[in-house]
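# Topology and contacts: notes
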Amino acid sequence: MNKSCVILGIESSCDDTAAAILKDTNILSNVISTQKVHQEYGGVVPELASRAHQKNIIPVVELAIKKAEIKKQDINAIAFTKGPGLLGSLLVGTSFAKGLALSMNIPMISVNHMQAHILSHFINNNSGNPTFPFLCLTVSGGHTQLVKVKSHIQMKILGTTLDDAAGEAFDKSAKLLGLSYPGGHLIDKYARKGNNQKFKFNKPNIKNLNFSFSGLKTSIRYFIEKELKKNSKFINDNIYDLCASIQHTIIEILLDKLEKAIQQTNIKTIAIAGGVSANSYLRKRLENLSNDKGYSLFIPRIEYCTDNAAMIAIAGLYKYKNNEFASQDETASARLIF
Ligand code: KG4
Ligand code: ZN
């Protein structure tokens, strides 16, 4: 592709309404409106999320265009999240993208949200990008996947969660500790002051590369209920050690599987992506592991870990280069896989 390409990326799969402008692999703007309305419910309420997307989408897209200092007419294509995610939320982004593409007479590209998390590694393309094939541990609020990434387009899921996602394990544990939603980053913060060996929780025993986190959540719940009967201030008295021990167990489960996948595939270039890849303990443990074992490690910048539209735009760019366009018949898909 010789001529430069400007892509508008739109993300609306969960509780963030986001838009970004990408020129080739460079981000010109990256706007995110995070919905606060869900906090009081301790989790995302789908109907409230889609209504908030409807309210936010036009101002967010307009702001992205303004911040990028381009004209609407400069946009060559629109990339949008087709799935996976909340259907009502996805429909807002999908319908908006279709309407805008039709009115501007430009192509549109449908993007898989999980693949986009992985491709966030190619934003601001430079010599520091992962080389193919690499293994990516994609850990978000809704999904946990181990993916063999063969190219920008070809990816194979080697393992996935059988129940809760890693981010859900953080958020549900945080809720049990009385922390606000989403609590992953709070566990990360409090864990820094705690002893991660103070409390022991069992890890699931799953032979293949799949994950499971619901058993851990249940054992944490029973443990806390039991301790609270002996000491009603148990959580307060032990919050740092509880956070450190829970976080340690979740990260051990993830790292065990990643190491197993490295052994099975003999691929030593590894990456992480998704909201949980912002976790400071995961990042540190991976750095140590890679130094010890000589792996090439790729960790995304914090702003590209959690949901954003820059990653949707970069995923769109590679499909654009591959002439993979969506038609006006395209629709959202809550359980989209690849
Ligand atoms: O990728 P993401 O923004 O949204 C989904 O696609 O689900 O991931 C959100 C998840 C939430 O579960 C949140 O608690 C978790 O990422 N998260 C963290 C951290 N920052 C965000 N979990 C652990 N440590 C963090 N620092
Ligand atoms: Zn995500």
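For the structure itself, consult the block above.
Below, the structure is looked at part by part.

## Details of the environment of aspartate 329
Turning to its location among the elements, aspartate 329 is positioned in the segment after helix H9 (310–321). Looking at aspartate 329, the relative accessible area reads 70%, which means it is exposed.

## Observations concerning the packing of aromatic side chains
The full count for this structure, using the stated rule, is eleven aromatic pairs. With 6.1 Å between their ring centres and 80° between their planes, phenylalanine 122 and tyrosine 318 make a pair best called edge-to-face. Here phenylalanine 122, found in the loop between helix H3 (113–119) and strand E6 (134–139), pairs with tyrosine 318, found in helix H9; they are 196 residues apart in sequence, far enough to count as distant. Accessibility expressed as a relative area gives 3% for phenylalanine 122, which makes it buried. Judged by relative accessible area, tyrosine 318 falls into the buried class, the value being 6%. Where phenylalanine 132 meets phenylalanine 134, the ring centres are 5.8 Å apart and the plane angle is 25°; that geometry is what we call stacked.

## Points about helix H2 (residues 87–104)
Over its 18 residues, H2 extends 25 Å from the first C-alpha to the last, a length consistent with the 26 Å expected when each residue adds 1.5 Å. Ser89, Leu90, Val92, Gly93, Thr94, Phe96, Ala97, Lys98, Leu100, Ala101 and Met104 are the residues of H2 that are buried. Residues of H2 that are buried sit in contact with strand E1 (6–11), helix H1 (46–68), strand E4 (77–83) and strand E5 (108–112). Of the residues one or two after H2, asparagine 105 is the one with positive phi, at around 55°.

## Let's talk about the site of ligand 1
Around ligand 1 sit 19 residues in total, of which Gly141, Asp171, Asp188, Asn279 and Asp307 are the nearest. Within the contact set of ligand 1, an oxygen atom lies 3.2 Å away from a backbone nitrogen or oxygen of glycine 167. One nitrogen or oxygen atom from the side chain of asparagine 279 is found 3.0 Å from a nitrogen atom belonging to ligand 1. When isolated, ligand 1 has an accessible area of 560 Å², and the protein chains bury 88% of it.

## Some thoughts on the coordination of the zinc ion (ligand 2)
Protein coordination at the zinc ion (ligand 2): the donors are His113 (NE2), His117 (NE2) and Asp307 (OD), at 2.0 to 2.1 Å from the metal. Taking relative accessible area as the criterion, histidine 113 reaches 5% and is therefore assigned buried. Overall, the relative accessible area of 15% leaves aspartate 307 in the buried class.

## Observations regarding the side chain of serine 245
Tracing the sequence through the fold places serine 245 in helix H7 (residues 234–265). The buried category is assigned to serine 245, whose relative accessible area is 0%. Engagement of the side chain of serine 245 in a polar contact is seen with the backbone oxygen of aspartate 241, the distance being 2.8 Å. When residues no more than four places from it in sequence are discounted, the contact partners of serine 245 are Asn195, Asn196, Gln197, Lys198, Phe199 and Phe201.

## Considerations on the sheet that holds strand E9 (residues 269–273)
One open sheet accounts for five strands, arranged E8-E7-E6-E9-E10; its pairing is mixed. Whereas interior strands pair on both sides, the edge strands pair on one side only; in this sheet they are strand E8 (155–160) and strand E10 (296–298). Neighbour to neighbour, the strand axes of the sheet diverge by 20° on average, direction disregarded. As paired elements, strand E7 (residues 144–149) and E8 share five bridges and run antiparallel to each other. Counted as the bridge partner of valine 147 is isoleucine 157 from E8.

## A word on H1
The terminal C-alpha atoms of H1, which comprises 23 residues, lie 31 Å apart, in line with the 33 Å expected from a rise of 1.5 Å per residue. Remark: the principal bend of H1, roughly 45°, maps to asparagine 56, with a proline, proline 59, within the next four residues. If you check which residues of H1 are buried, you get Ala49, Ser50, Ala52, His53, Asn56, Ile57, Val60, Val61, Ala64, Ile65 and Ala68. Looking at the buried side of H1, the elements it contacts are E1, strand E2 (16–23), strand E3 (26–34) and H2. Glutamate 69 sits one or two residues past H1 and shows a positive phi near 55°.

## Observations concerning the side chain of arginine 283
Summarising the element assignment, arginine 283 is placed in helix H8 (residues 280–293). Despite being buried, arginine 283 has no salt bridge partner; glutamate 287 is the closest side chain of opposite charge, sitting 6.0 Å away. Separated by 2.7 Å, the side chain of arginine 283 and the backbone oxygen of serine 277 make a polar contact. Not counting the four nearest positions on each side in its chain, arginine 283 is found in contact with Ile272, Ser277, Ala278, Ile299, Pro300, Arg301, Ile302 and Cys305.

## Regarding the sheet that holds E1
Strand order in the open sheet made by the five strands is E3-E2-E1-E4-E5, with mixed pairing throughout. Looking at strand neighbours, the two that pair on one side only are E3 and E5, the edges of this open sheet. Along the sheet, successive strands turn relative to each other by an average axial angle of 20°, direction set aside. Inspection of the sheet shows E4 paired to E5 by five bridges, in the parallel sense. In the sheet register, isoleucine 78 faces E5, and the bridge partner there is methionine 108. Packing of H1 onto the sheet brings it into contact with E1, E2 and E3, and relative to E2 it is tilted by some 25°.

Calculation criteria
Residues numbered from 1 in each chain as written. Chains lettered and ligands numbered in written order. Predicted model: local features only at pLDDT ≥ 70, side-chain atom pairs only at ≥ 80, totals over all residues. Heavy atoms only, no water. Helix = DSSP H or I, 4+ residues; strand = E, 2+ residues; numbered from the N terminus. Buried < 20%, exposed > 50% of the residue type's maximum accessible area, 1.4 Å probe, protein only. Phe/Tyr/Trp six-rings, centres within 6.5 Å; stacked < 30°, edge-to-face > 60°. Expected span 1.5 Å × (residues − 1). Contact = heavy atoms within 4.5 Å. Near = heavy atom within 4 Å. Polar contact = N/O pair within 3.5 Å; in protein donor to acceptor, adjacent residues only side chain to side chain. Areas by Shrake-Rupley, 256 points an atom, 1.4 Å probe, with all protein chains shown as cover. Donors = N, O, S within 2.8 Å, 3.2 Å for Na, K, Ca; no water. Pairing = 2+ DSSP bridges. Axes fitted to C-alpha atoms, helices over the stretch in contact; angles between N-to-C directions. Bend = angle between axes of the 7 residues up to and from the residue. Lys, Arg positive; Asp, Glu negative; His and termini not counted. Salt bridge = Lys/Arg side-chain N within 4 Å of Asp/Glu carboxyl O.

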